[in-house]
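Listed below, chain by chain, are the residues.
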Amino acid sequence: MKLRKRKHWLAWTLGILSFLLATGAVVGKSVMNDLATKIGSNKFMISNAVKDRLAGGNIDQLIIDSARPSVLESIDGGSKQMGKLVAVETADTIPNVSDVLNHGRELSYNLPVQFEKGYKTYTIRVRNDGSSPKIVGAFWVDGITERQSFKRELKKHLQ
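All values reported here derive from a predicted model rather than from experimental measurement. The numbering scheme is per chain: residues are counted from 1 as the chain's sequence reads. The predicted origin of the model limits local features to residues at a pLDDT of at least 70 and limits the giving and counting of side-chain atom pairs to 80 or more, whereas totals for whole chains, interfaces and linings rest on all residues. Computation of side-chain values covers all heavy atoms of the structure but excludes hydrogens and water.

Trainee: Any chance you could explain the pairing of strand β4 (residues 118-127) here in plain terms?
Mentor: Consecutive side chains along a regular strand alternate between the two faces of the sheet. We call two strands paired when DSSP finds no fewer than two bridges between them. Only DSSP runs of H or I with at least four residues qualify as helices, and only runs of E with at least two residues qualify as strands; both kinds are numbered from the N terminus onward. Note: strand β3 (residues 106-115) against β4, ten bridges, orientation antiparallel. Note on β4: the bridge partner recorded for Leu107 is Val126. Between β3 and β4, which pair antiparallel and follow one another directly, the connecting turn spans two residues. Where β4 and strand β5 (residues 134-142) come together, eight bridges link them in antiparallel fashion. For Val126, the partnering residue across the bridge sits in β5 and is Ile135. Turn length for the β4-β5 hairpin, with the two strands adjacent in sequence and antiparallel, is six residues.

Listed below in structure tokens is the structure:
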């Protein structure tokens, strides 16, 4: 009786698939850790920059040269209407699918700031190209904006 040779194509396929999934998980985790590090350092930098500027400090080295006049005008504009600074709240990342896909090259944040006469929320865009992050844009709105959910933004983007 002749023995039939078994083909192990299923085992090879499952082995290759599991290897690709494990490699993808490791790479994905490192990308997400890098993005989380950028987000954390940017939140700290933004809070300190706004606090320093509203206290009369110089934050020119934290802003890209081409955007400096508009960013400084925007930060100062909120305080002129609302009086003295009372407190700077915690910055909140604005979720955006394209930001995740481009590895956090540019990220946006909402920063609520309390003044004597009420709240202003600054929306600040930060570029993470070189060794240190730089502010590329800023504007403000009255009050505190709604905290945004990444799941809600992802669903909106995929529809």
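Trainee: What is the right way to look at the packing of helix α1 (residues 9-54) against helix α2 (residues 68-82) in this model?
Mentor: A packed helix pair is summarised by two numbers, namely the angle formed by the two axes and the spacing between the axes. Running from amino to carboxyl end, α1 crosses α2 at an angle of 65 degrees, the nearest separation of the two axes being 10 Å. In the packing of α1 onto α2, the handedness of the crossing is right-handed. Packed against α1, whose contacting residues are Val50, Arg53 and Leu54, the element α2 presents Leu72, Ile75, Asp76 and Ser79 at the interface. Classifying every residue of the contact of α1 with α2 by side-chain character gives four nonpolar, one polar and two charged. Throughout, an axis means a line fitted to C-alpha atoms (over the contacting stretch in the case of helices), and angles, computed between N-to-C directions, take values from 0 to 180 degrees. By convention the crossing between two helices is left-handed if the near helix lies anticlockwise of the far one by an angle smaller than a right angle, and right-handed if it lies clockwise. For this analysis, residues touch if any pair of their heavy atoms sits within 4.5 Å. Throughout this entry, Asp, Glu, Lys and Arg are counted as charged residues, while Ala, Val, Leu, Ile, Met, Phe, Trp, Tyr, Cys and Pro are counted as nonpolar. The remaining residues, Gly among them, count as polar.

Trainee: Is there a simple way to explain the environment of Ile64 in this structure?
Mentor: If you trace the backbone, Ile64 turns up in the loop between α1 and α2. For the pair formed by Ile64 and Arg127, sequence separation is 63 residues and the distance between their alpha carbons is 8.9 Å. Setting aside its immediate chain neighbours within four residues, Ile64 contacts Arg127, Lys134, Ile135 and Val136.

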